[in-house]
Amino acid sequence: MPFYEFHCKKCSKPFSVTLTLKEREAGRIACPTCGSKDAEPLLGSFFAKTSKKS
Ligand SMILES: [Zn+2]
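Parameters and conventions
Residues numbered from 1 in each chain as written. Predicted model: local features only at pLDDT ≥ 70, side-chain atom pairs only at ≥ 80, totals over all residues. Heavy atoms only, no water. Pairing = 2+ DSSP bridges. Helix = DSSP H or I, 4+ residues; strand = E, 2+ residues; numbered from the N terminus. Axes fitted to C-alpha atoms, helices over the stretch in contact; angles between N-to-C directions.

Engineer: Tell me what's going on with the sheet that holds strand S1 (residues 3-8), and back it up with residues and numbers.
Structural biologist: The sheet built from three strands is open, its strands ordered S2-S1-S3 with antiparallel pairing. The strands lining the two open edges of the sheet, one partner per strand, are strand S2 (14-18) and strand S3 (39-42). When the angles between neighbouring strand axes are averaged without regard to direction, this sheet yields 40°. In terms of strand pairing, S1 meets S2 through five bridges, oriented antiparallel. Each residue of the ladder has a partner; that of Phe-3, found in S2, is Thr-18.

Here's what the structure looks like:
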């Protein structure tokens, strides 16, 4: 199962989910922290950029 990293635009938290390609294309990615579906996919190389903690 592919593993995807996302960044929630609402609560600014990165999270990882396993999704099938079909689920990913359907845009059914919800943030596990706040439930927002306003998440953007992260590439591995971008992950270090968002290591800020509040
Ligand atoms: Zn969130």
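Read on for the rest.
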